[in-house]
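Survey of secondary and tertiary structure
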Amino acid sequence: MAHIVVLGAGTGGMPAAYEMKAALGSGHEVTVVNERDYFQFTPSNPWVAVGWRDRASITFDIKTYLSKKNINFIAKRVMKIDAEGSELTFDDGETLKYDYLVIATGPRLAFEEVEGTGPHEGYTDSVCTVDHAEKAYESYQAMLAKGSGHIVIGAVPFASCFGPAYEFAFIVDADLRKKKIRNKYTMQFVTSEPYIGHLGLGGVGDSKGMLESELRNHHINWITNAKTTRAEPGKLFVEEIGSDGEKVKDHEINFDFAMMLPAFKGVDAVMAVEGLCNPRGFVFVDEYQRNPTYRNIFSAGVCIAIPPVEPTPVPTGAPKTGYMIESMVTAIVHNIADEIEGREPKTTATWNAICLADMGDTGAAFVALPQIPPRNVAWFKKGKWVHAAKIAFEKYFIRKMKKGTSEPLYEKYILKMLGIEKLG
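Scope of this entry: the structure provided in the associated data block. (Residues numbered from 1 in each chain as written. Predicted model: local features only at pLDDT ≥ 70, side-chain atom pairs only at ≥ 80, totals over all residues. Heavy atoms only, no water.)

1. Topic: the sheet that holds strand 2 (residues 29-33)
- In space, the 5 strands of this open sheet follow the order 5-2-1-9-19, with parallel pairing throughout. Each edge of the open sheet is held by one strand with a lone partner, namely strand 5 (72-74) and strand 19 (297-299). Between one strand axis and the next, the sheet turns through 20° on average, direction left out of account.
- Where strand 1 (residues 3-7) lies against strand 2, 5 bridges are found, and the strand directions are parallel. What sits directly across from His3, in strand 2, is Glu29.
- Docked against the sheet, helix 1 (residues 13-24) engages strand 1, strand 2 and strand 9 (100-103), running at close to 165° with respect to strand 1. (Pairing = 2+ DSSP bridges. Helix = DSSP H or I, 4+ residues; strand = E, 2+ residues; numbered from the N terminus. Axes fitted to C-alpha atoms, helices over the stretch in contact; angles between N-to-C directions. Contact = heavy atoms within 4.5 Å.)

Written as structure tokens, this is what we have:
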């Protein structure tokens, strides 16, 4: 009997556990380890931050649902990974042996890289976790109580997931318009991207022109190539960098409410394993999602090492979208099953990007095939149908996670909704 441990219980880890158990059956043991005892549907956090969702609607108790599929669950923080000895050590000193480890932790949010940022020890908010989104909601309500103000939304250097920043800017704009007070607030978008719509992907289709137009239409000014250097109470300090990498201008931006997405790094226990990660703590994987140094460690999602699509004046990372993560998970499941049966792994992930981005009362969808250019397919479209589709997918995904499904949700739902038979 093999023991497979899935480290992380997010939108990669939960499907990995369900799919692994379905593939391996009762003859092998699957355990999920996560420092929190609840699942959170991270894509909905921007809605939580303006009060359109609450914690109860996007979270659920992990153990209740994993146990129905005979999957073990441990709600503890991993302090050490002994990759040579195939053992985890928890914060209470207890240990857990594994035959195969699937790292799906997501990132560590490196607020410390920009002084004064972050929702707990800094002066800016975040929508990266449901806790952060609830704190952002409190800050947002405090700003609304003032009756007017300046809002700053964006992403700092080394951020790699820019979609939620755009989503949140348009969601806030829509919320203020619904309240009929949009005229009382100025908004500014501050991003490390070299241009609007870069998205860490070098742009997708006409994302640059379309998103610039949307920002103009919603009276949201912007600064690109923005190297945010620090935050103080009510003030963001930004260096605007030219295409040659030299500073063009210093900005001191006043704010009453600021949501700045942080840089990502690997989680501490993963980052500490010699030979497992790159310098920022992201796990090296081969074409089979397997670490080249430790052959019984696989990884999927935001925590894997993918080089930037292109050099940029201010550092940016490459995003890992839901469809891409789902494909990585499926590859891992097939490859571990092959190894257990004594076969060589042969399944590779489909590195294509599909994203539904909410914009408050409309939305944008993009497809990049493959994610890294040059591409066979690259399009970017908007419409109210995307807003409706994202709401529907949220409910669909959470319902399926509670049922313990092992089917590919992004491929089954989003590709069908977009009228695409398959992304190969």
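2. Structural notes on the packing of aromatic side chains
- For the coordinates displayed, the defined rule picks out 13 aromatic pairs.
- Three or more aromatic residues joined by ring pairs make a cluster, and in this case those are Phe39, Phe41, Phe60, Tyr65, Phe393, Tyr396, Phe397 and Tyr410.
- Taking NZ or CZ as reference, Arg55 lies 5.3 Å from the ring centre of Tyr38, over its face.
- Here Lys178 stacks its cationic end above the ring of Trp52, 4.0 Å away from the centre of that ring. (Phe/Tyr/Trp six-rings, centres within 6.5 Å; stacked < 30°, edge-to-face > 60°. Lys NZ or Arg CZ within 6 Å of the ring centre and 35° of its normal.)

3. Looking at the layout of surface pockets
- What the second largest pocket holds in volume is close to 230 Å³.
- Taken together, 17 residues line the second largest pocket, and the ones lying closest to its centre are Arg280, Phe282, Ile306, Pro308 and Gly317.
- Here the lining of the second largest pocket is built from residues that sort into 11 nonpolar, 4 polar and 2 charged. (1 Å grid on protein atoms, 1.4 Å probe; cavity = no way out; pocket = protein on both sides within 12 Å on 5 of 7 lines; lining within 4 Å. Points joined across faces, edges and corners; volume = space filled by probe spheres on them. Nonpolar A, V, L, I, M, F, W, Y, C, P; charged D, E, K, R; others polar.)

4. Considering helix 10 (residues 384-403)
- For helix 10, which comprises 20 residues, the first-to-last C-alpha distance of 29 Å matches the rise-based estimate of 28 Å (1.5 Å per residue) to within 8%.
- Where helix 10 is concerned, the buried positions are Val386, His387, Ala389, Lys390, Phe393, Glu394, Tyr396, Phe397, Ile398, Lys400 and Met401.
- Gly404, located one to two residues past helix 10, shows a positive phi value of around 80°. (Expected span 1.5 Å × (residues − 1). Buried < 20%, exposed > 50% of the residue type's maximum accessible area, 1.4 Å probe, protein only.)

5. Comments concerning the pattern of salt bridges
- Summed over all chains, the structure comprises 28 salt bridges.
- We note a salt bridge from Lys382 to Glu214, for which the minimum N-O separation is 2.6 Å. Residue Lys382 is found in strand 22 (residues 377-382), and its partner Glu214 is found in helix 7 (residues 207-217); the two are separated by 168 residues along the sequence.
- When its relative accessible area of 36% is taken as the criterion, Lys382 is described as partly exposed.
- A salt bridge links Lys247 to Asp250; the shortest N-O distance between them is 3.3 Å. (Salt bridge = Lys/Arg side-chain N within 4 Å of Asp/Glu carboxyl O.)

6. As for helix 6 (residues 163-178)
- Along its 16 residues, helix 6 runs 22 Å from first to last C-alpha, staying within 8% of the 22 Å computed at 1.5 Å per residue.
- Extensive coverage of helix 6 is indicated by the burial of 12 of its 16 residues.
- Listed as buried for helix 6 are Ala165, Tyr166, Glu167, Phe168, Ala169, Phe170, Ile171, Val172, Asp173, Ala174, Asp175 and Leu176.
- The positive-phi residue at the C-terminal boundary of helix 6 is Lys180, with phi of around 60°.

7. Some remarks on the packing of helix 1 against helix 9 (residues 322-340)
- The contact between helix 1 and helix 9 brings their axes to 9 Å, and the two run at 35°. Seen from above, helix 1 lies across helix 9 with right-handed handedness. Counting all contacts with helix 1, which are made through Pro15, Ala16, Glu19, Met20, Ala23 and Leu24, the residues of helix 9 involved are Val329, Thr330, Ile332, Val333, Ile336, Ala337 and Ile340.
- Its residues assigned to classes, the contact of helix 1 with helix 9 comprises 11 nonpolar, 1 polar and 1 charged. (Left-handed = near helix turned anticlockwise from the far one by under 90°.)

8. Let's talk about the sheet that holds strand 22
- Spatially, 20-21-22 is the arrangement adopted by the 3 strands of the open sheet, whose pairing is antiparallel. Whereas interior strands pair on both sides, the edge strands pair on one side only; in this sheet they are strand 20 (353-358) and strand 22. If you compare each strand with its neighbour and ignore which way they point, the axes differ by 5° on average.
- As paired strands, strand 20 and strand 21 (residues 363-369) are joined by 6 bridges and run antiparallel to one another. By the bridge assignment, Leu356 is partnered in strand 21 with Ala365.
- Sheet contacts for helix 10: strand 20, strand 21 and strand 22; angle to strand 20, the most-contacted strand, approximately 100°.

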